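Chains, contacts and geometry: an overview
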Amino acid sequence: MAPDRIPGIDPTAAPSGTGCADCMAGDGPGWWFHLRRCAACGHIGCCDSSPGQHGTQHARDAGHPFLASFEPGENWMWNVETEEYYEGPELLAPTCHPATQPTPGPQGMVPADWEAQLR
């Protein structure tokens, strides 16, 4: 199957923002380690090492199994159902958060003991 026709991946879906939509909406600690992008709808969530783990939660709740990294310099997808890396089509830009946004982020919300809070 051509990579641009993978069920569950919509290469035209724009990212929902530049940070974890759920953390920024007040669902959880308000900060993240790394970001993940839903390849079906563009929802930006935090990674499984982040306290909120919103990326995988969205994938499971929405039935959207493919997550892509939303980190600068990373170009991979993960299928949360099969727990395998996946090669998929290029997603609509931007493909990562702004380089000026710190990791972890967002700026001003990361606690001093953030490393102790990683999962």
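The name given to the chain in an unreviewed UniProt entry is UBP-type zinc finger domain-containing protein, and the organism recorded there is Streptomyces sp. 900116325.

Quick notes on the sheet that holds strand E1 (residues 35-38)
Strand order in the open sheet made by the five strands is E2-E1-E3-E4-E5, with antiparallel pairing throughout. Edge positions in the sheet fall to strand E2 (44-46) and strand E5 (84-86), since each of these pairs with one other strand and no more. Strand-to-strand, the axes of this sheet are offset by a mean angle of 40°, without reference to chain direction. Where strand E4 (residues 77-79) meets E5, three bridges bridge the pair, whose relative direction is antiparallel. By the bridge assignment, Trp 78 is partnered in E5 with Tyr 85. Across the face of the sheet, helix H2 (residues 54-62) comes into contact with E1, E2 and strand E3 (66-69) while running at roughly 125° to E2.

Some points on the UniProt feature "domain: UBP-type" (unreviewed entry) in the chain
When the UniProt feature table is mapped to this numbering, "domain: UBP-type" (unreviewed entry) covers residues 20-89. Taken end to end, residues 20-89 has its terminal C-alpha atoms 22 Å apart, with 19% of it in helix and 24% in strand.

A look at unusual backbone geometry
Cis geometry is found at the peptide bond from Ala 93 to Pro 94, where omega equals 0°. Assignment of secondary structure puts Pro 94 in the loop between E5 and helix H3 (114-117). Here the amide bond leading from Gly 105 into Pro 106 is cis, since omega sits at -5°, within 30 degrees of zero. When you line up the elements, Pro 106 lands in the loop between E5 and H3. Located in the positive-phi region is Gln 53, a residue other than glycine, with phi close to 50°. Here Gln 53 shows up in the loop between E2 and H2. In this structure Gln 53 comes out as partly exposed when scored by relative accessible area, which is 27%.

Basis of the calculations
Residues numbered from 1 in each chain as written. Predicted model: local features only at pLDDT ≥ 70, side-chain atom pairs only at ≥ 80, totals over all residues. Heavy atoms only, no water. Pairing = 2+ DSSP bridges. Helix = DSSP H or I, 4+ residues; strand = E, 2+ residues; numbered from the N terminus. Axes fitted to C-alpha atoms, helices over the stretch in contact; angles between N-to-C directions. Contact = heavy atoms within 4.5 Å. UniProt positions renumbered as here; feature names shortened; annotations may be inferred. Buried < 20%, exposed > 50% of the residue type's maximum accessible area, 1.4 Å probe, protein only.

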